[in-house]
Every structure is written in C-alpha cells, then in structure tokens.
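Summary of the model geometry
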Amino acid sequence: MINLIFINWIKEKLPAGCLQFTLYNQDGKILADRLAFNRAPLEYCRVTVEADKPFYKPLEKVRLSLAVKDLSGNPVSGSFSLSVRDAGTEIHTGYHENILTDLLLSSEIRGYIAHPMQYFGTDDRSNRMKLDLLMMVQGWRRYNWQVMAGVSPFHVAHYAEEGLPVSGVVKSLLKNKVEANVDVVFWIVKDSASFHGHCKTDKKGRFHFLLPDHAAVDGEWQLALSVTSKGKPKHCRIMLDRLFSPEARSYSISDFQVKDTVIVFADTSDSLANSNVLGMIQNLPQVVIKKKQIKNEIFPDLVCNVEKDISRLMDQGKDYPGTLGEYMERNISAVNMVDTAYTYANSAICYILDGGGSVNPRKGIGASDHPIENIKTIEVYDGNLRAWIVRNIDSNYGYYPPSDPTSDFYSMRHLHDAVFQANQRLVLFIVRLYNDVLHDKYKKGMRYTFFKAFSPVREFYQVNHSNSVPGDIDFRRTLYWNPDVRTDNNGKVNVSFYNNATCRQMTINAEGINRGKCIIKE
C-alpha cells in the first residue's frame, strides 16, 4: 500500500523565479526533485517619459521627464538605470535580456532562451505550460546534496569578501611541494600610498592578506612579496590567486543573430526622398586632393603583454622563459631561430630597448639575452615600420641591428637609410622595460608583479554642444547613460543631454529593482 503525502506551499510567500524542490533521505540520496517557476510575488512599476518638445534638431539639448508609479498609481521613489540610444544606428542582436529575465530566469537554467520576456507576460495557462516545459528541458542542478546532507565534508573555495584579498600558495622551486609555516611579507605601492602585511603559511602552504576596506584602493598597484624561513630568503614559487581573462568559448546562438548595420540603415526611410529637403541641396565645386593627411597615431602590428603572460605562468606554478629570445620563440609564432639570430617571418629583427628614462639601459648585453623579469611589453612594427621611422627619425632612440652587437647602438638615421635606401627587409621590436632595481632579474624568495584593485569610478562622457556651430559632427550611438537615476518623493526625475548629428528616433531603456518591485521600460 502506497501512502501519499500532500504538502502545500503558499506561492506568495515563496521567492519569485526558479524554485527547486528536492526530496532526499538522511544519506543525501535524492529520491525525487522538480523545478518550478514562481511568478506570484512579482510586482511591476510603470515608467512614463515626456519630452519637452516633439522633435529635436541635430546637436540640440534634449530634456526628458520620467515618472515611476506602481500598478495602483502611487508614486515610487528609488533608483534605476537609464540609457537613451540612437535607434537608427543601434546594432540589433539576438540578446533580449533585461534585469528581470536575467536575475529570475536566464541565470538559473542552461542554454539559450529565445525572447525570455515572453514568459513574463500574462499569467494564463499557455504561459504556465511554456514555463513548465522550459524548466523540464533546460533546468539544471547546482547543489551537491551529499554535502548539504552532511555526508561529504564541505570545503570553502571562496571566502566571503570583506575587502580586496591578496592570497596564494608557496611551493618549493624544484620539487613543487607546498611550503608550510614560512613567513610571507607583502607590500603594495602606488604613488605616495602603500600597504603592507605579514603572515605565516598554513599546512597547505597558503597565505591570505586582506586590504583595508576603508582605504581608496583602486587602479593598478605595484605588488611585492617575500618568503623567508628562519629569517633567510627561500627559493620558492609564489603563486597568486587571480584570474586574468575568461577562457575561450564557442559562439552562442545570440552571437550569430546580429543584424548588419548597413541593413539597419536600409530599413529606414531616405531623407532625400522628401521634396522639401531636395530644395536645400547645394552643389559644391570639384576639388583636387594635393596632399594626404599623415596619421596622428601609428599602431604596432603586434603587442605582447609580457608581464601578464609571465605572471600567468608563475601563478600556475609552471616554468617560464628566462630571456627575451626564449619568450619570443614560445609566444610569437612568426619568430624562428636562424643560425645564431632570431627572425620574424623570415625577416631580420632590429631591437630597441626602451627603459623609460634611458632608451639604452642594457648596453653590453645582447637584446635577445635580456632577462624576462625586466620586460613589460613588446611592440612589433612590420607593415607600419616605414611610417614609424618617419615619425621618430629625430628621436634619441638607439637600436640593435640584426647582427645584435653588444657594444654599439645605431641611430634612427641609420635605420632610415637601411630601410628606405638599401631596401633591407627588417622588422622592429620595441622592448619596453621597467628600468628599475626591482625587476632586474629573479631574486631569491621575491616576487614582483602588479595588483589590480577596484576599477576607478568613471562617469559617462557627456558631450556639451551649447557652443556648436554648423558642420559639427557627432555620431554617438548612446546619447545618455546613468546607472543610478534617483526619483524624488513624487516618483519623478528630470534628465538632460545633447542630441547627436543624425538621431531621428530614440530608444529608451529604464531598468531597476526597488523595494521588491521591478522597473522595466523599453
């Protein structure tokens, strides 16, 4: 005989979004589970937008008044994010998310969801069935019930952040074994500010520092760590816990659903088709181009962030190249060793060692033998080499020619003659150095690197066209953006900004959550 047990929940008391109901025994074995979507406690707000005039001229000031009210018509005070974009130049993609769909639906299930806002429409039987099918097809399990039932131990992977952490592990240099109970000292420096700390590693060789939360720690800081045992520096690997860039991934469905900008413009009506506009067209006299403007900036063909690449290998506990030549062979596919010199795409390489205050800081040592710890970046000039030489012909740069002598440097005039007159096929490598005593070479028990703190607060760039003149150009796609627009006690707020030179229709998005109520406007 089967005993049925009925359990009732009041949906209004459950949180909105994806819910997971799991039935398991004392051993943590799952007997049954079910995903469901609860929409009961959702409340929306209405956002109305009024402009001070029906049409705006190019570069004219735009004034908008926004009012936020709940479904009962009561004003709602709070904050929300607001963006205003040029609808004519907007790039259309397959991304149709907003703060509501992302928090409650897309982040809780696997895979791509086409038009997720459709599930938040009317609360009828058809929509509820669509949601139920979505939960069963694309639902996923994020919890380990063996751990939650106490059968398996729980290991903390990431501690609750109370400030910016500096953490990692210390391992021996040769055997790669953890170094327990050794002393670790750290200090970070930026301009005139500095912080330091001291601790011992635990039995797993781990250390952990916490920067003071009250301090203004933002931007990039110089970070130094030292490891000692019984008061003496110790050969070791100091591996930091940090992530550089996300791993490579395949394209999603939404990535492929991008509407070409040319098609977007083609869909809009032609302004010249208006007969009133045709009468304003002026015929300009024919001109002859006598001189082309030289580019203000000349960009390298390739830039290698050596400090980032070497730091990643250090943090992973892997061996890293010790010299510039070893790094080029490993990280630049076009570099090969021919006889005793390196080549780039079968072309000879010239080197400039730029150490900031001194452009030739390593006289007496071959460029390819330069210690990797002293190098920040490498810039490669191949296709843009001639333009770079012309721009820097009178600079005080000195370079190593392909023969790589260790005694003399050659001037830019010499390089100019070799490329333009002798037609030598050369490639220029500009090696940017630290040029300080900290980064000269590997030091026993020391690690010098950079620490990325909080990103500095940057305000959205607001253009001021109050003094614009006919002929000024402005092709901004985003006319206004503010992540924290605050309404007054009457639920109202006014914003102002300047139009661009082409906008005829604006797309306005307002999104936010205030006291459990969602603000969605598009």
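Please refer to the structure placed before this passage.
In this text, all values refer to a predicted model and were calculated from it rather than measured experimentally.

**Observations regarding the overall build of the protein**
- From N to C terminus, the protein includes 10 helices and 23 strands.
- Relative to its full complement of 522 residues, the protein shows a buried share of 35%.
- In the protein, 70% of the contacts between residues at least 6 apart in sequence involve partners at least 24 apart.
- Accessible surface, the protein: about 33600 Å² in total, of which carbon and sulfur atoms supply 52%.

**Quick look at the packing of aromatic side chains**
- Enumeration over the complete set of coordinates arrives at 12 aromatic pairs.
- Through a chain of ring-to-ring contacts, the aromatic side chains of F186, F207 and F209 assemble into a single cluster.
- The ring of F420 has R386 lying over it, and the distance from NZ or CZ to the ring centre is 4.8 Å.

**Observations regarding the sheet that holds strand β15 (residues 341-344)**
- Read from one edge to the other, the open sheet built from six strands follows the order β13-β17-β18-β16-β15-β14, with strand pairing classed as mixed. Because the sheet does not close on itself, it has two edges, and the strands there are β13 (302-305) and β14 (335-338). Shown here is a sheet whose adjacent strand axes are inclined to one another by a mean of 35°, direction ignored.
- In this sheet, strand β18 (residues 426-433) lies alongside strand β16 (residues 347-354) in parallel orientation, the contact comprising seven bridges. Across the sheet, I349 pairs through a bridge with V427, a residue of β18.
- On top of the sheet, helix α8 (residues 324-331) reaches β13, β14, β15, β16, β17 (375-381) and β18; it is set at about 35° to β15, its chief contact.

**A word on helix α7 (residues 306-315)**
- The element α7 is largely enclosed, with a buried count of seven among its 10 residues.
- All buried positions along α7 are accounted for by V306, E307, I310, S311, L313, M314 and D315.
- Where α7 is buried, its residues touch β12 (236-240), β13, α8, β17 and β19 (446-452).
- G317, located one to two residues past α7, shows a positive phi value of around 75°.

**A closer look at the environment of H370**
- Positionally, H370 belongs in the loop between β16 and β17.
- Once the C-alpha coordinates of H370 and T323 are considered, the two residues, 47 residues apart in sequence, prove to be 5.3 Å apart.
- Reaching out from H370, the side chain makes a polar contact with the side chain of N374 at a distance of 3.0 Å.

**Section: α8**
- Of the positions making up α8, those classed as buried are L324, G325, Y327 and M328. Along the long axis of α8, the arc covered by the buried residues comes to 160°, so they all point the same way.

**A look at the sheet that holds strand β9 (residues 206-210)**
- Pairing is antiparallel in the open sheet, where three strands are placed in the order β9-β6-β12. Both edges of this open sheet fall to β9 and β12, since each of them pairs with a single strand only. Taking each pair of neighbouring strands and ignoring which way they run, the sheet shows an average axis angle of 25°.
- Pairing of strand β6 (residues 165-172) with β12, which is carried by five bridges, proceeds in the antiparallel orientation. Looking at the pairing, S172 lines up with C236 of β12.

**So, the pattern of salt bridges**
- For the structure on display, the rule yields 20 salt bridges.
- Here R237 ties to D319 by a salt bridge, and the two come within 3.0 Å at their closest N and O atoms. Of this pair, R237 sits in strand β12 while D319 sits in the loop between α7 and α8, placing them 82 residues apart in sequence.
- Its salt-bridge partner being R432, residue D354 comes within 2.3 Å of it at the nearest N-O pair.

**Some points on a nonpolar patch on the surface**
- There is a patch of nonpolar side chains on the surface, built from I2, L4 and F6 and spanning about 440 Å² of accessible area.
- One can find I2 in the segment before β1 (17-24).
- For I2, a relative accessible area of 71% translates into the label exposed.

**Considerations on the environment of V495**
- Relative to the assigned elements, V495 resides in strand β21 (residues 492-498).
- Given the relative accessible area of 7%, V495 is considered buried.
- Each C-alpha atom, one on V495 and one on N482, is 9.7 Å from the other, the two residues being 13 residues apart in sequence.
- In this view, V495 contacts V62, R63, L64, L66, L82, Y480 and V485; residues no more than four positions away in its chain are not counted.

Rules behind the numbers
Residues numbered from 1 in each chain as written. Predicted model: local features only at pLDDT ≥ 70, side-chain atom pairs only at ≥ 80, totals over all residues. Heavy atoms only, no water. Helix = DSSP H or I, 4+ residues; strand = E, 2+ residues; numbered from the N terminus. Buried < 20%, exposed > 50% of the residue type's maximum accessible area, 1.4 Å probe, protein only. Contact = heavy atoms within 4.5 Å. Areas by Shrake-Rupley, 256 points an atom, 1.4 Å probe, with all protein chains shown as cover. Phe/Tyr/Trp six-rings, centres within 6.5 Å; stacked < 30°, edge-to-face > 60°. Lys NZ or Arg CZ within 6 Å of the ring centre and 35° of its normal. Pairing = 2+ DSSP bridges. Axes fitted to C-alpha atoms, helices over the stretch in contact; angles between N-to-C directions. Polar contact = N/O pair within 3.5 Å; in protein donor to acceptor, adjacent residues only side chain to side chain. Arc of directions from axis to C-beta. Salt bridge = Lys/Arg side-chain N within 4 Å of Asp/Glu carboxyl O. Patch = residues over 30% accessible without salt bridge, like charges linked within 9 Å, V, L, I, M, F, W, Y side chains within 5 Å.

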